[in-house]
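Given next are the chains, with one letter for each unit.
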Amino acid sequence: MFVATASVDCRGAAAGAGRRLPRKRDYPGRVILGIDTSLGTAVAVVEDDGLVRAEASSDNPLGHAEVIGDLLQRVLADAALGPIGATLAPGAVAVTYVASGMGPGPFTGLRVGIAAARAFALGRGVPVIPVPSHDAVALGILLDEAMTDAASTRFAVVTDARRKEFAFTVYEGLDDDGLPVRVTEPALVPRDDLDGVLEALGAHRRDAASVSASMLALAAARALAAGRELATSEPLYLRAPDVTLPAGPKRVTA
Amino acid sequence: MNRAEPLVLGIETSCDETGIGIVRGRALLSNTIASSMDEHARYGGVVPEVAARAHLEALQPAIEAALTEASVRLEDLDAIAVTSGPGLAGALMVGVGAAKALAVSLGKPLYAVNHLVGHIAADLLTGDEVEYPTVALLVSGGHTSLLLVRDLTSDVELLGETMDDAAGEAFDKIARILGLPYPGGPEIDRAAASGDPDAIRFPRGLSRASDMAKHRYDFSFSGLKTAVARWIEQRQAEGEPVPVADVAASFREAVVDVLVTKALAACAAHGVPRLLLGGGVIANRRLRESALARGAEAGVAVRIPPLSLCTDNGAMIAALASQLIVSGRRASTLAFGADSTLPVTEIQIAEQVTA
Ligand SMILES: [Zn+2]
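These lines cover the structure that appears in this document, whether it is placed above or below. Since we're looking at a predicted model, the values are computed, not measured.

**Digging into the layout of surface pockets**
All names here are of chain B. Each pocket or cavity is described by its volume, and for the largest pocket that value is around 1200 Å³. Around the largest pocket, the lining comprises 49 residues; the ones closest to its centre are Ser140, Gly141, Gly142, Gly168 and Glu169. Those elements that provide at least two residues to the lining of the largest pocket are helix H4 (115-121), strand S7 (144-151), strand S8 (155-161), helix H5 (167-177) and helix H6 (184-192). Here the lining of the largest pocket gets 6 residues from one element, more than from any other, and that element is H5. Grouping the constituent residues of the lining of the largest pocket by class yields 19 nonpolar, 19 polar and 11 charged. When residues of the lining of the largest pocket are assigned to domains, at least three map to each of domain 1 (7-124 + 310-349) and domain 2 (131-307).

**Topic: the sheet that holds strand S1 (residues 7-12) of chain B**
Residue and element names in this part refer to chain B. Here 6 strands make up an open sheet; going across it, the order is S3-S2-S1-S4-S5-S11 and the pairing mixed. Two strands in the sheet have a free side with no partner beyond their single neighbour: strand S3 (27-35) and strand S11 (348-349). Alignment of S1 against strand S2 (residues 17-24), held across 6 bridges, turns out to be antiparallel. Across the sheet, Ile11 pairs through a bridge with Ile20, a residue of S2. Those strands touched by helix H2 (residues 48-70) are S1, S2 and S3, and its axis lies near 25 degrees from that of S2.

**Overview of the interface of chain A and chain B**
Between chain A and chain B, the residue contacts involve 37 residues of the former and 35 residues of the latter. With both chains or domains summed, chain A and chain B bury close to 3200 Å², and 66% of this area falls on carbon and sulfur atoms. When residues of chain A are sorted by the area they lose upon contact with chain B, Arg111, Leu122 and Val252 of chain A head the list and together hold 19% of the total. For Glu49 of chain B, the salt bridge is made with Arg111 of chain A, and the minimal N-O distance between the two is 2.9 Å. Counting across the interface, chain A meets chain B through 8 residue pairs in polar contact (both at pLDDT 80 or more). Taken together, the elements giving at least two residues each to the side of chain A that touches chain B come down to helix H1 (64-80) and helix H2 (107-124) of chain A. A breakdown of the residues in the side of chain A that touches chain B according to their chemical character gives 22 nonpolar, 6 polar and 9 charged.

Thresholds, definitions, all that
Residues numbered from 1 in each chain as written. Chains lettered and ligands numbered in written order. Predicted model: local features only at pLDDT ≥ 70, side-chain atom pairs only at ≥ 80, totals over all residues. Heavy atoms only, no water. 1 Å grid on protein atoms, 1.4 Å probe; cavity = no way out; pocket = protein on both sides within 12 Å on 5 of 7 lines; lining within 4 Å. Points joined across faces, edges and corners; volume = space filled by probe spheres on them. Helix = DSSP H or I, 4+ residues; strand = E, 2+ residues; numbered from the N terminus. Nonpolar A, V, L, I, M, F, W, Y, C, P; charged D, E, K, R; others polar. Domains from an automatic or database assignment. Pairing = 2+ DSSP bridges. Contact = heavy atoms within 4.5 Å. Axes fitted to C-alpha atoms, helices over the stretch in contact; angles between N-to-C directions. Buried area = accessible area lost by both parts, 1.4 Å probe. Salt bridge = Lys/Arg side-chain N within 4 Å of Asp/Glu carboxyl O. Polar contact = N/O pair within 3.5 Å; in protein donor to acceptor, adjacent residues only side chain to side chain.

Written out as structure tokens, the structure is:
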């Protein structure tokens, strides 16, 4: 049910790869726990230079509340073993920040991750760094492009928003802080209108079926390093609660 | 872990109250509640998405407030407890997600428990000696259940429940028909104060002899609701004014009568001279008075915890987990979810099997 990958080094993929920090015996500084439940459920423990200590995810678009606890326990245990090839004795992971994917995404699942991020941070007495979930997808795309020298073009991260709508955010390249440049803020669009909207914005469509918690945590690390905030603490619902005001009591007699 | 008097933090998010409770054994240290009731008022009932959003925003401040009030630190806790169900699925999931992450973060055991049995456990926090077996009548906007509790942590039987609306919902709907605001319970109570409970004979649901075989302890309020609406419409059609006080009092009497009659019938049938009341509708004065008076006549001791422990709260969830710990139960695994229709027989969810 889970996909788990421990200790993948993606530092080389970082746009600012020259900023790579030397490994020290103890933790180099920030250790960020990333949690995103905007699509599936994804968690990761990442050091602030991009070293992924552990990640685990479930692609099930439901069942976030069922899996979140085991996934968290698993990445913390995996991360404690240290990066691949480490000769240091394993030690408990001192998480210093929790990156929380704020959506957009189906509300019920999205909330599980945000609630978990806030509660975990409360338990450890560390801050929550809110990150738009699409930023994580965009960062992954842009780091891949940097690896393959693909020409950077304007693109839209597109995710399912249910109710015949897509959520999309348009990006173009990485800025000096190594963060994806948002051209538009996350928004909803009827499915049939998406391609027309993206054409008008000159953006390629990049559909995402999952969000990487490692990329989410890395985006948070870069925002922290740059002293920037990527999102407010409000979930990106983009839609008011679906309620209709009562029309008054219905007649029961004909 | 202190198994004699465990320090437990309970998280309850099954409906529209975000409840955080902290107990040490049977001692109540904090019963912190953040309600989103005001946000639902303009819709005339609890809107699940509104409730779930409110839980997410209220949880962290409520936990912090509870810790402050109880003068304990998170690291002092012996365990975390959370409502797994029954309740609104999206609302429950907020609490479950938070509880799991908090437990993993702190490295503390987690107990996933049943909301309805939590209502019964609330009685332990009154400081009185509590005896079992007892019949329990739990009435709120979300549930109407009649239970036989032989043992709080191991043997709770569902005798009956509502087939349609919860009693609290019936109050809300009749209030709306009478043009009274939400929530309906206190409004009906107020309107009924000057009314005659015997003015109109409204039907008692599932109370006919023919109902006794299958639905002896079940409830139904939809027929009553229709009867009240029809009576008012007839009155209006005849150009007569609607006597709001009499309608409210007579409706309330019909609800209270059927609740108390069935609860005392269960006590008699099972030879249990104890009845525990729980749930937000216990705030209804007529229900309390009727249960106490008719219970006394029938030789049944009626227990009514303070209202703050009757409405949905986290203290009752913590109290139930505390009793589970005292009785030697292992913690839950982390692999449970929100179960909106969790049966009352499942007192603890996903208890670990012995290694
Ligand atoms: Zn309740």
